[in-house]
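This is what each chain is made of:
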Amino acid sequence: ARGLTPADWQTYLQQQRRWARSVLDVRWRVYPGLSANLSLRARMGSFLEGLNYLRISFIIPTGLALLAFMLASGTAPSVVSFATLPRFAVLMGAMQLCTLYRQRFYLDWRREWGGHWRAGVLRLAKWPYVLLALWDVMAGRQFGYAITRKVAPVSATRTLLGPHLLVAGVISAAWAIGLTSGAGVSPVVQVGALVTVAGSLALIATERMRFRVPYR
């Protein structure tokens, strides 16, 4: 679907949290009553579909927790090595080829095909807010409908500062613990830590950017 999009991080993340909250609320509060007459197989399929909506928001914090553990303890599985990187690159290349093939079936694939790295940045930015939406649903919190602003913000926001500064701080602290304790942290793990900290700080820095707005 094409249309106007939010022009700043705060509005975008609020929108994504509201959308996620709506989907999850329907999935876990309304749908069970509507699916009572479905087969067990159909109910399980629908349940897994609901989990897929949360997939990235579960994978990223799990990966961060594992990274922090490996940094602080100096232990890492044998698969975490430079020798594995070429095989991992082949795997990612094959997955990207599958994605490009799937894009042939888009409505306007000639204009929409590609790596979509911006969508990846958005997923990295919003995962904490999807988890907050899950917490909203589990806690039964009620909110009024918020209109999504699609013009330039009045002032700079700090929406990304809290969660992503926390990520950078935890990874940096685990890294420092591993180095000072002589745990012998793997170079590959240290590269992962560097990329994670730099990426989190870069995301925070984008809040100071002024993006083009659809209209004024």
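Given the structure is predicted, the values throughout are model-derived calculations rather than measurements.

So, the overall build of the protein chain
In step 1: In terms of regular secondary structure, the protein chain is built from eight helices and zero strands.
In step 2: With respect to the principal axes defined by its C-alpha atoms, the protein chain has extents near 55 × 50 × 45 Å.
In step 3: The proportion of buried residues among the 216 residues of the protein chain is 29%.
In step 4: A separation of at least 24 residues holds for 81% of the contacts in the protein chain among residues at least 6 apart in sequence.
In step 5: Within the structure as shown, the protein chain displays about 14,600 Å² of accessible surface, and the carbon and sulfur contribution to it stands at 66%.
In step 6: In the protein chain, the 25 positive side-chain charges and the 7 negative ones have mean positions that sit 4 Å from each other.

Observations concerning the nonpolar core
In step 1: Judged by nonpolar contacts, the single largest core of 16 residues is most densely connected at Leu71, Ile171 and Val189.
In step 2: Within the residue set of this core, elements represented by two or more residues are helix H3 (55-73), helix H7 (161-180) and helix H8 (187-205).
In step 3: When sequence neighbours within four positions are dropped, the list of residues in contact with Leu71 reads Ile171, Ala174, Trp175, Gly178, Val185, Val189, Gln190 and Ala193.

Focus on the side chain of Gln15
In step 1: Structurally, Gln15 can be placed in helix H1 (residues 9-34).
In step 2: Given a relative accessible area of 7%, Gln15 falls into the buried group.
In step 3: Setting aside anything within four residues of it in sequence, one finds Gln15 in contact with Pro6 and Thr148.

Some points on the confidence of the model for the protein chain
In step 1: In this model, the protein chain carries a mean pLDDT of 86, and residues with pLDDT of at least 70 account for 94%.
In step 2: For the protein chain, the element scoring lowest by mean pLDDT is helix H2 (residues 40-53), at 78; H3 scores highest, at 94.

A closer look at a nonpolar patch on the surface
In step 1: Side chains of Leu40, Met44, Phe47, Leu48, Leu51 and Phe58 sit close together on the surface and give an oily, nonpolar patch of about 560 Å² of accessible area.
In step 2: Per element, the largest residue contribution to the nonpolar patch is five residues, and it comes from H2.
In step 3: Relative to the helices and strands, Phe47 resides in helix H2.

What to know about the packing of helix H6 (residues 117-139) against H7
In step 1: Look at H6 against H7: their axes get within 10 Å of each other, and the N-to-C directions meet at 105 degrees. In terms of axis orientation, H6 runs roughly perpendicular to H7. Here Leu124, Ala125, Trp127, Pro128 and Tyr129 of H6 lie close against H7, whose contacting residues are Pro163, His164 and Val167.
In step 2: Residues of the contact of H6 with H7, tallied by class, amount to seven nonpolar, one polar and no charged.

Definitions and cut-offs
Residues numbered from 1 in each chain as written. Predicted model: local features only at pLDDT ≥ 70, side-chain atom pairs only at ≥ 80, totals over all residues. Heavy atoms only, no water. Helix = DSSP H or I, 4+ residues; strand = E, 2+ residues; numbered from the N terminus. Buried < 20%, exposed > 50% of the residue type's maximum accessible area, 1.4 Å probe, protein only. Contact = heavy atoms within 4.5 Å. Areas by Shrake-Rupley, 256 points an atom, 1.4 Å probe, with all protein chains shown as cover. Lys, Arg positive; Asp, Glu negative; His and termini not counted. Charge placed at Lys NZ, Arg CZ, Asp CG, Glu CD. Core = buried A, V, L, I, M, F, W, Y, C linked by side-chain atoms within 4.5 Å. pLDDT = per-residue confidence, 0-100. Patch = residues over 30% accessible without salt bridge, like charges linked within 9 Å, V, L, I, M, F, W, Y side chains within 5 Å. Salt bridge = Lys/Arg side-chain N within 4 Å of Asp/Glu carboxyl O. Axes fitted to C-alpha atoms, helices over the stretch in contact; angles between N-to-C directions. Parallel < 35°, antiparallel > 145°, perpendicular 65-115°, else oblique. Nonpolar A, V, L, I, M, F, W, Y, C, P; charged D, E, K, R; others polar.

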